[in-house]
Amino acid sequence: MKKIIIFVWMSLILSLGINAQPYQIGSTSITFNDPARGGRNIPTDIYYPATTAGNNTTVEAGQFPVIAFGHGFLIGVGQYQWLVDELVPCGYIVALPTTEGGLPPNHGDFGADLAFLIPAIQAEGTNASSVLFGAVGTTSALGGHSMGGGASFLGADNNTTITALFNFAAAETNPSAIAAAANVSVPTLVFEGSDDCVTPSAGNTGDMYNALNVGCKSLINITGGSHCQFANSDFVCGLGQFTCGGSISQAAQEAEVIQHLKPWLDTFLKGDCDQLDIAAA
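These numbers come from a predicted model, not from an experiment. (Residues numbered from 1 in each chain as written. Predicted model: local features only at pLDDT ≥ 70, side-chain atom pairs only at ≥ 80, totals over all residues. Heavy atoms only, no water.)

1. A short note on the packing of aromatic side chains
This is how the line gets drawn: Two aromatic rings, drawn from Phe, Tyr or Trp (for Trp, its six-membered ring), form a pair once their centres lie within 6.5 Å of each other, and the interplanar angle then sorts them: stacked below 30 degrees, edge-to-face above 60, tilted otherwise. The rule is simple: take the accessible area with a 1.4 Å probe, protein chains only, and divide by the maximum for that residue type; under 20% is buried, over 50% is exposed, in between is partly exposed. Only Lys NZ and Arg CZ are tested; either one counts as a charge over a ring when it is within 6 Å of the ring centre and within 35 degrees of the ring normal.
Throughout the structure, instances matching the rule amount to nine aromatic pairs. Between the aromatic rings of Phe166 and Phe168, the centroid separation amounts to 5.8 Å while the plane-to-plane angle is 50 degrees, which identifies the pairing as tilted. Across the pair, exposure class does not vary: Phe166 and Phe168 are buried alike. Grouped by ring-pair contacts, the aromatic residues Phe69, Tyr80, Trp82, Phe166, Phe168, Phe191 and Phe230 constitute a single cluster. It is Lys217 that lies over the ring of Tyr209; its NZ or CZ is 4.6 Å from the centre.

2. Considerations on the packing of helix α3 (residues 107-124) against helix α4 (residues 147-156)
Applied cut-off: Axis definition: a line fit to C-alpha positions, over the contact stretch in the case of helices; interaxial angles, taken between N-to-C directions, run 0 to 180 degrees. Each helix is a run of H or I in the DSSP string that is no shorter than four residues. Each strand is a run of E no shorter than two, and both are numbered from the N terminus. Convention used here: angles under 35 degrees read as roughly parallel, angles over 145 as roughly antiparallel, angles from 65 to 115 as roughly perpendicular, and any remaining angle as oblique. Left-handed describes a crossing whose near helix is turned anticlockwise from the far helix by less than a right angle; the clockwise case is right-handed. Residue contacts are counted whenever heavy atoms from the two residues lie within 4.5 Å of one another. The nonpolar class holds Ala, Val, Leu, Ile, Met, Phe, Trp, Tyr, Cys and Pro. Asp, Glu, Lys and Arg form the charged class, and all remaining residues, Gly among them, are polar.
Between α3 and α4, the shortest axis-to-axis distance is 7 Å and the interhelical angle comes to 65 degrees. For the element pair α3 / α4, the angle class is roughly perpendicular. The two elements α3 and α4 cross, and the hand of that crossing is right-handed. Between α3 and α4, the contacting residues are His107, Gly108, Phe110, Gly111, Leu114 and Ala115 on the first element and Met147, Gly148, Ala151, Ser152, Leu154 and Gly155 on the second. Looking at the contact of α3 with α4 residue by residue, the classes come out as six nonpolar, six polar and no charged.

3. A look at the pattern of salt bridges
Operational definition: Just to be clear on terms, a salt bridge is a Lys or Arg side-chain nitrogen sitting within 4 Å of an Asp or Glu carboxyl oxygen.
For the structure on display, the rule yields eight salt bridges. Notably, a salt bridge pairs Asp109 with Arg40, separated by 3.6 Å at the nearest N-O pair. Separated by 69 residues along the polypeptide, Asp109 in helix α3 and Arg40 in strand β3 (residues 40-50) bring together distant segments of the chain. Among the charged side chains, a network of salt bridges with common partners joins Asp34, Arg37, Arg40, Glu100, Asp109 and Asp113.

4. Focus: the side chain of Asn167
Considering the arrangement of structural elements, one finds Asn167 in strand β8 (residues 164-168). A relative accessible area of 0% means that Asn167 is categorised as buried. With near-sequence residues (within four places) excluded, Asn167 lies in contact with Gly144, Gly149, Ser152, Phe153, Leu189, Val190 and Phe191.

5. Points about the environment of Pro97
Among the secondary structure elements, Pro97 is positioned in strand β6 (residues 93-97). Of the residues examined, Pro97 reaches a relative accessible area of 0% and is grouped as buried. Separated by 65 residues in sequence, Pro97 and Phe32 have C-alpha atoms that sit 9.6 Å apart. Contacts of Pro97, omitting those with residues within four sequence positions, involve Ile42, Pro43, Thr44, Phe69, His71, Val77, Phe110, Leu114 and Leu117.

6. Side note on the side chain of Glu254
In plain terms, the rule: The convention is simple: Lys and Arg are positive, Asp and Glu are negative, and His and the chain ends are not counted.
Here Glu254 is to be found in helix α8 (residues 250-270). Among buried Asp, Glu, Lys and Arg side chains, Glu254 stands out as unpaired, with Lys262 the closest opposite charge at 11 Å. Those residues in contact with Glu254 that lie beyond four places of it in its chain are Trp82, Gln229, Ala231 and Asn232.

Such coordinate-based values are descriptive only and should not be taken to indicate function.
Quick look at the structure:
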């Protein structure tokens, strides 16, 4: 029987609500270059805590964890603005590579892009000419949705530079994300929807979760959740789940994700684990 981990975060959520600093959202776009892969370009939209909202505005004082997040198949990175709007004000740098948005996507390259972005953005923190100078912390996470979720497993495969891994309705990839999951060595949190017929648990997220060998792993199945509601409204994705759109609203699904994801990230990327209580059912 698959074990589903239920988080009991009451005291932690209350304390975060009292003490959290609501940062403004700054943004910038950088095209990174990976010389190890023949000079591959990785254009990336980056959002960061800023003194004022806007493009290339001044970064806030402090050092912030980095999250590299992979988009779903034929889903633009703009469909994850809801995630940016939730995480950046809480003190996270969120990077969304725009690679592999066409046909056919190369899953292996996408996973390597996600992995490459963590040290690349951390290097921006030491670059005096970068808008992120002095603001990039040492902890990090890979994340993704659907194809990007599977690619996040590929990027985490034997990756010792990251701190944690999370994803939404991860899809099996080529090369196999299920096989890659066995080589993940960091705390991992995966989400799936009970009404997801695009990437059902068997053969996708569930098998990736079961393949994980890490002691700290958690799976949250959102009752009534669908595949595409992990992203904002998207026509192409919606066609794929025409007969299984879920029985809860998009707002409800996003709220459930954030209820669990924020405290989990704060625990593993910021070391804020007061009153963290994980119960298994």
